[in-house]
Amino acid sequence: MTDIPLYLASASPRRRDILQQLGYRVRTVPADIDETPKPNESAYHYVGRMALEKNRAARQLHGSTLDPAVPLLSADTTVALDSRILGKPADTEEAFAMLAQLSGTSHQVMTAVCISRNGREYSVLQSSEVRFKTLSEQEIHAYIASGEPMDKAGAYAIQGIGGTFVCHLSGSFTGVMGLPVFETAALLRECGCAVPPLAP
Ligand SMILES: Cc1cn([C@H]2C[C@H](O)[C@@H](COP(=O)(O)OP(=O)(O)OP(=O)(O)O)O2)c(=O)[nH]c1=O
């Protein structure tokens, strides 16, 4: 098992698990930012801006304790339905409304990843298309009662019970979960970092 140091500017346990499974020794350096979309901001622009702002906020907050040569990674995941941005639901009513909109149709899940290292910033955006089966009201209520939707963009988790709604995926499963592994590894290589399994 490799043991490469990496800073993670995210409170998401999914991102931490994925990076640890790859062999990174993760130190979490979270930073809170305002996640409100700007008026008429596209999902594409929004998700990239969020990942970059999380990265810069973490550098500002923890900078003096960070080794500049160790990569600092941040990410943001957003569900886009037509021109609508679906973030994390604020309450169960909003979760219901989101799931009702996703029922029986396709949406995009975009994850932007940003890495800063030695004073430079690198970023990538990965987009997937996900199709949901038609959900009954009863199914949506039962799913919300499971508690799973509340801290997830679009009010579902493909890696959990929400996976039972997904009849088609085109893109990256790990991207939908919050951190696209293929694109993240490529980005780490681009910024000169060791990437398992070839890491020393
Ligand atoms: C669509 C989908 C999203 N998600 C999660 C990934 C992200 O953690 C979350 C979207 O919120 P984000 O704001 O991207 O991340 P976060 O709030 O969890 O963590 P932080 O802001 O500190 O980086 O939704 C899943 O786990 N499974 C899914 O299928």
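Residues numbered from 1 in each chain as written. Predicted model: local features only at pLDDT ≥ 70, side-chain atom pairs only at ≥ 80, totals over all residues. Heavy atoms only, no water.

Under the convention used in this document: UniProt positions are given in the numbering used here, feature names are shortened, and annotations may be inferred rather than shown by experiment.
Per an unreviewed UniProt entry, the protein chain is named dTTP/UTP pyrophosphatase, and its organism is Conchiformibius kuhniae. In its Subcellular location (unreviewed entry) section, the UniProt record describing the protein chain reads: "Cytoplasm". Among the UniProt annotations of the protein chain, the heading Cofactor (unreviewed entry) holds the following wording: "a divalent metal cation".

**Things to note about the pairing of strand β1 (residues 4–8)**
As a reminder of what qualifies: Residue exposure (1.4 Å probe, protein chains only): buried if accessible area is under 20% of the type maximum, exposed if over 50%, otherwise partly exposed. We count a stretch as a helix when DSSP gives it H or I for four or more residues in a row; a strand needs E for two or more, and each element gets its number in order from the N terminus. A pair of strands is considered paired only if DSSP assigns at least 2 bridges between the two. A clockwise path from the first strand over the helix to the second, with the strands pointing away from the viewer, defines a right-handed crossover.
Counting buried residues in β1 gives 4 out of 5 residues, a clear majority hidden from the surface. Direction of pairing for β1 relative to strand β2 (residues 24–28): parallel, over a ladder of 5 bridges. Within β2, the residue paired with Leu6 across the bridge is Val26. The β-α-β motif built from β1, the intervening helix α1 (residues 13–22) and the parallel element β2 has right-handed crossover chirality. When β1 meets strand β3 (residues 72–81), the two strands line up parallel, connected through 2 bridges. The partner of Tyr7 across the bridge, within β3, is Leu72.

**Side note on the site of the ligand**
Our working definition: One heavy atom suffices: a residue is near a molecule or strand as soon as one of its heavy atoms comes within 4 Å of it. What qualifies as a polar contact is a pair of N or O atoms within 3.5 Å, subject to a donor-acceptor requirement within protein and to the restriction that residues adjacent in sequence count only when both atoms come from side chains. The protein chains shown are the only cover counted for residues, whose accessible areas, like all others here, come from Shrake-Rupley with a 1.4 Å probe. The distinction between a cavity and a pocket rests on a 1 Å grid over the protein atoms alone: a 1.4 Å probe fits inside a cavity but cannot get out, while a pocket stays open yet meets protein on both sides within 12 Å along at least five of seven lines, and a residue with an atom within 4 Å of a point counts as lining. For a cavity or pocket, the test is whether more than half of a molecule's atoms lie within 2 Å of its grid points; if they do, the molecule sits there. By the convention adopted, Pro, Cys, Tyr, Trp, Phe, Met, Ile, Leu, Val and Ala count as nonpolar, Lys, Arg, Asp and Glu as charged, and the other residues, Gly among them, as polar.
The local shell around the ligand holds 21 residues, among which Ser10, Ala11, Lys54, Lys88 and Ile158 are the closest. Between the ligand and Glu35, the relevant distance is 3.4 Å, taken from an oxygen atom to a side-chain nitrogen or oxygen of the residue. Residue Asp76 places a side-chain N or O atom 3.3 Å away from an oxygen atom belonging to the ligand. Burial of the ligand by the protein chains amounts to 93% of its free accessible area of 600 Å². Taken atom by atom, the bulk of the ligand overlaps the largest pocket. Looking at the shell around the ligand, the elements that each hand over two or more residues are α1, β3 and α5 (173–177). Examining the composition of the shell around the ligand, we find that 3 residues originate from one element, β3, more than from any other. Considering only residue class, the shell around the ligand consists of 8 nonpolar, 5 polar and 8 charged.

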